Amino acid sequence: MIGGNPNEFLETIYNGTDIYFIFDKKKYFGQGYNTDNGFWHYEIFEVNTQNNMTLWECTKATIDECFNLFLASKIFEGKSFWEVEQEIEWVDD
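Residues numbered from 1 in each chain as written. Predicted model: local features only at pLDDT ≥ 70, side-chain atom pairs only at ≥ 80, totals over all residues. Heavy atoms only, no water.

A. Focus on the packing of aromatic side chains. Per the stated rule, a full pass over the model turns up 14 aromatic pairs. Ring centres of Phe70 and Phe76 lie 6.4 Å apart, and the angle between their planes is 85°; on these two criteria the pair is classed as edge-to-face. For the pair Phe70 and Phe76, one class covers both residues: buried. Three or more aromatic residues link up through ring pairs in this structure, and these residues are Phe9, Phe21, Phe23, Tyr28, Tyr42, Trp56, Phe70, Phe76, Phe81, Trp82 and Trp90. (Phe/Tyr/Trp six-rings, centres within 6.5 Å; stacked < 30°, edge-to-face > 60°. Buried < 20%, exposed > 50% of the residue type's maximum accessible area, 1.4 Å probe, protein only.)

Written as structure tokens, this is what we have:
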């Protein structure tokens, strides 16, 4: 991971804290929150585009379910987080 520790990055994702990162020259924003109906929602979308294109989102009963799905998902050009973590740059905003 460029600009940070991958385990701290994942802890930030797990906690739902706002996070910015760059992958493949595109800037992304991630955030997690409890929905009105008691589910956990996490979303990652590209910033600085006209439509803020969604890279990935999840709504599940628990944080753990969304987090595990994030780790398993091949959302980075067909690869998982751990397959590309050395290419991801963690940035402030």
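B. Quick look at the packing of helix α1 (residues 6-15) against helix α2 (residues 63-72). At a closest axis distance of 9 Å, the pairing of α1 and α2 adopts a crossing angle of 135°. Comparing their axes, α2 and α1 come out oblique. For the pair α1 and α2, the sense of crossing is right-handed. Of α2, the residues touching α1 (which contributes Leu10, Ile13 and Tyr14) are Ile63, Asp64, Phe67, Phe70 and Leu71. (Axes fitted to C-alpha atoms, helices over the stretch in contact; angles between N-to-C directions. Helix = DSSP H or I, 4+ residues; strand = E, 2+ residues; numbered from the N terminus. Parallel < 35°, antiparallel > 145°, perpendicular 65-115°, else oblique. Left-handed = near helix turned anticlockwise from the far one by under 90°. Contact = heavy atoms within 4.5 Å.)

C. Quick look at unusual backbone geometry. We note that Asp24 has phi near 55°; this positive angle belongs to a residue other than glycine. Here Asp24 shows up in the loop between β1 (19-23) and β2 (26-34). The residue Glu77 is not glycine, and still its phi comes out positive at about 50°. By secondary structure assignment, the location of Glu77 is in the loop between α2 and α3 (81-84).

D. Representation of the side chain of Glu46. Within the secondary structure, Glu46 sits in strand β3 (residues 40-46). Despite its burial, Glu46 remains without a salt bridge, the nearest opposite charge being carried by Lys26 at 4.9 Å. In contact with Glu46, not counting residues within four places along its chain, are Lys26, Lys27, Tyr28, Asn52 and Met53. (Lys, Arg positive; Asp, Glu negative; His and termini not counted. Salt bridge = Lys/Arg side-chain N within 4 Å of Asp/Glu carboxyl O.)

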